[in-house]
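A closer look at the structure
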Amino acid sequence: MVGIPRKLLTSVLCAGLILCLWGPAQAQTSLVVAVDSAPRMMNPHGDDSDAGLSFMANFFDGLLQRKGPEGELLPALAERWEHPDEFTWKFYLRKGVTFHNGNPFTSEDVKFTFERLSDPEVSEFINTGKTIESIECPDDHTVIIKTKTHIPWFANNMHQIFIMDKESTEARDPGEVMVRPIGTGAYKLVEWVKGSYVTMEANEDYWEGAPQIKKVDVRPITESSTRFAALASGQVDIVTGVPVELFDKVEKNPKLEVSRRPARRSIFLAMGNKEGSPLADVRVRKAIYMAINEDEIMEKVMRGHAFPAAQIPDPPTIGYRKDLKRLPFDPEQAKKLLEEAGYPQGFEVTLTGPNDRYVQDKQIVEAVAKYLAKVGIKAKLDVKPKSIFFPEVAEGKLEFYLIGWFDGTFDMGRTYSKLGHTRDEEEGYGGLNGANYSDPDIDALLESTFDMVDVDEREKALQELNRMAMVDKIVWIPLHYQEDLYAVQKDKGISFTPRPDQWMVYKEITRQ
Amino acid sequence: MGTYIARRLVQGIIVLLAVSMICFFIFRYTGDPVVTMAGLYATQQEREEVRRMLGLDKPMIEQYGLFLWNALHGNFGKSYVTRVPALGLILERFPATFELAFTAVLIAFCTGVGLGILVSIKPYALQNRIIMAASLGGISIPTFLIGILLIMVFSVFLGWLPPFGRGETVQVGFWRTGLLTWSGLKHLLLPALTLALYQLAVILRLTRAGMREVLAEEYIKTAWSKGLYPFSVIFKHALRNAMIPVVTISGLQFGEIIAFSIVTETIFQWPGMGNLLLTSIYETDQPVIVTYIMIAAVIIITMNTLVDILYAIINPKIRYD
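Residues numbered from 1 in each chain as written. Chains lettered and ligands numbered in written order. Predicted model: local features only at pLDDT ≥ 70, side-chain atom pairs only at ≥ 80, totals over all residues.

As for the interface of chain B and chain A
Formally: Note on contacts: residues are paired as contacts if their backbone-placed C-beta atoms lie within 7 Å. Comment: elements are numbered from the N terminus, with helices defined as DSSP H or I runs of at least four residues and strands as E runs of at least two. Polar here means any residue other than Ala, Val, Leu, Ile, Met, Phe, Trp, Tyr, Cys and Pro, which are nonpolar, and Asp, Glu, Lys and Arg, which are charged; Gly is therefore polar.
Every contact between the two is made by 45 residues of chain B and, on the other side, 38 residues of chain A. Elements supplying a minimum of two residues to the side of chain B that touches chain A: helix H2 (34-37), helix H3 (44-54), helix H5 (86-121), helix H7 (143-157), helix H11 (262-267) and helix H12 (273-282) of chain B. A total of seven residues in the side of chain B that touches chain A trace back to one element, the largest contributor, which is H3 of chain B. When the residues that make up the side of chain B that touches chain A are grouped by side-chain class, the tally is 21 nonpolar, 15 polar and nine charged.

Overview of the packing of H7 of chain B against helix H8 (residues 182-215) of chain B
The description of two packed helices rests on the angle between their axes and on the distance between the axes. Residues and elements named next belong to chain B. This is how it is decided: Angular values range over 0 to 180 degrees, each being the angle between N-to-C directions of two axes fitted as lines to C-alpha atoms, with helices fitted over their stretch in contact. Should the near helix be turned anticlockwise from the far one by less than a right angle, the crossing is left-handed, and should it be turned clockwise, the crossing is right-handed.
The N-to-C vectors of H7 and H8 enclose an angle of 145°; their axes lie 9 Å apart at closest approach. Here the hand of the crossing between H7 and H8 comes out right-handed. Packed against H7, whose contacting residues are Thr143, Ile146, Gly147, Leu150, Ile151 and Phe154, the element H8 presents Leu190, Leu193, Thr194, Leu197 and Tyr198 at the interface. When its residues are assigned to classes, the contact of H7 with H8 shows eight nonpolar, three polar and no charged.

A look at the pairing of strand S8 (residues 187-193) of chain A
Filter applied, for reference: A pair of strands is treated as paired once DSSP finds two or more bridges between them.
The pairing of S8 of chain A with strand S9 (residues 197-202) of chain A spans six bridges and is antiparallel. Each bridged residue has a counterpart across the sheet, and for Val193 of chain A the counterpart in S9 of chain A is Tyr197 of chain A.

Concerning the confidence of the model for chain B
Our working definition: Within a predicted model, pLDDT stands for the predictor's per-residue confidence, ranging from 0 to 100.
Averaged over chain B, the pLDDT score is 86; the fraction of residues at 70 or greater is 99%. Here the prediction assigns the complex a pTM of 0.82, and the interface score ipTM is 0.75.

A look at unusual backbone geometry
Residues other than glycine predominantly adopt negative phi, and peptide bonds predominantly adopt the trans conformation. In this structure, Gln502 of chain A is a non-glycine residue whose phi angle is positive, near 70°. Relative to the helices and strands, Gln502 of chain A is located in the loop between strand S18 (494-495) and strand S19 (510-511).

Considerations on helix H10 (residues 294-301) of chain A
Residue and element names in this part refer to chain A. Just so we agree on the cut-off: Residue burial here comes from a neighbour count, namely the number of other C-beta atoms, placed from the backbone, that lie within 10 Å of the residue's own C-beta, with 20 or more meaning buried, 12 or fewer meaning exposed, and in between meaning partly exposed. Picture the helix axis, draw a direction to every C-beta atom, and the arc is the one those directions span.
Along H10, the residues that are buried comprise Glu294, Ile297, Met298 and Val301. When H10 is viewed along its axis, its buried side chains cluster within an angular range of 110° and face the same direction. Exposed side of H10, more than 90 degrees from the buried face: Asp295 and Glu299 are the residues found there. Check the buried side of H10 and you find it contacts strand S13 (306-308), helix H12 (361-374) and strand S17 (476-489). Arg303 sits one or two residues past H10 and shows a positive phi near 50°.

Structure follows, in structure tokens:
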């Protein structure tokens, strides 16, 4: 490439690209992708994990969608929406959209979908479903949704509520609905052989225009070394979830290209503040924060695939503050703080964490325990599988634990009401406040944001809440954001930009 | 024989009951499915509603009774994760596992017996000593290592064979087979080899031991001195008598391979029952786990009984009274 001016090269490439777009459609562009988790079902409401939604986003559309590196909220099945009063959301639906079976998309389908959400037999979005008071369809292309309480982030969630066809969902056997998706999405399901592959073909009548890649073959390979072997042997074009321990091998391989982006998920430590326990003293919380050498964790445990976090939300989330800084790593100061708080000899605490959920989760917990030991805090390790860990979080049984989070709504309010608000069964707050943290100031400030409609006002209030939680109260100790790693075969003309939510949306991928 | 089979049947039912009870109670303590099923943002009340829907709020004994009653009617409950009947979910995976196990046993049996005979004829020849030493490796190297090594060599370095999955499959009635396409066969080779290696080594050593014992017998010496062809002496006179333990072991192993090829299926992402079991354990999908273990118990009990019966047919000296 030496000697060719870069500008010239770029313009030739661009011209080529445009020519390709203009030129006659290529014979069947196809793509083979290996993903790290298998779909559980083809029912868009039965699995609220991003791994599941990632498949569904190709067969179905939400009223809204998210695109771009920052996850910008854009119209999809609804062309625009209004929020006339604090309980009402009005969506104007797109006209002329059809489902894969030819049925027209109307407001009745939207009503049916939202009513279906609160049925625990078929839905994991019962929380969203149950917050809805009524759904009205004044005409075929308008929907008015009223919520029971004020939910400022209601529209922000509309990219993950996928609209189903009322007629065919009701008419078909429930078992059939679980395996055969009928949506409005950019792809139609060709075949799903459980445990083996999912193949899809382009929906030529897609309302956004037919996708460029006509055939997609998705192969779930949960075993990371096998996924790597599939990539290295050239069997697949794109691989998601490259494990950090194999990253160097992938990067050294001349046939592969690595695609990386900061993940939205932050990893942090949560603590209770039961009266009389050492953790109730903010000086102790600060001491723990300062005793942890996060730089070393990122370098040694995460092998450089992490970004420091000074708060729980990530930059695109409403409530994120640029000016928050991590407390410095300073074990001497930590010891002093412990002494001031009346624990010169330290104390004992149980540190819980999952061992099969986040990147290097068990190793991080072990490292934290070691740092704490150096300032005199004896952390008893209690590391367990996520299937046991999360129910314990839900029941509020823990004292001090590692957890990771990101919010699909891009609004910090929902996260805080589940993770940081005092547990309240009546109101449904604090459902995942695993160590029973409770602070009246945090609760009051958070509750005051629930009826804020104006985005700017909301942002200001949430930023203030964030500052209070991170600086004054040390509600949580943030550690880092994970990094999402993908690998793509070079020289196959694939253009792929990872999404912030880790979904694989194939209409956004192109191939020469 | 009739009373024997009847007795085995009764024993089998008792074993199944015990297995179901143990699994049912153990896997209740491996995690709570409600938190996932209600969704990440569910409130406590919503979680309770899901718990009621699943019947998990009832006392354990009542839950177990209900499970047994439904199981008697062929209903093993719905998977918590995929929300379809657990039995169907597992049976759907059976062809893949059966084809893998069958191919593995076939490879192990043919190669094992063949090499066993070869080695027993000239036990002290150098190449035969090497085979025996290698068979020790086959017994002692764990399956996951063999699998990963085979993938490294044949998929990553040489690029000859695909490292994962079943390749193209064809639906024949209810059976989805990979044996009828070239791609299916290519995908089958590595996992089948991995699974076969241990069995191969065991069968080889058994055949060798049996053959060496039989070859020293008087009637074999008589056969040689009569001037019979070596083929006739080895296969007709010696091998048939050396085969009884080999057949027994192969039969028993076949049942076990079907039920427990979990490691191999995971490494090669083979879409069989073992792979499903492991995923289900990760996701606390209790109905699938319990149903799977019950099916595995049925397979193993059936295979054992069949082997016992076959044994009596091959060797008339054995009697079951």
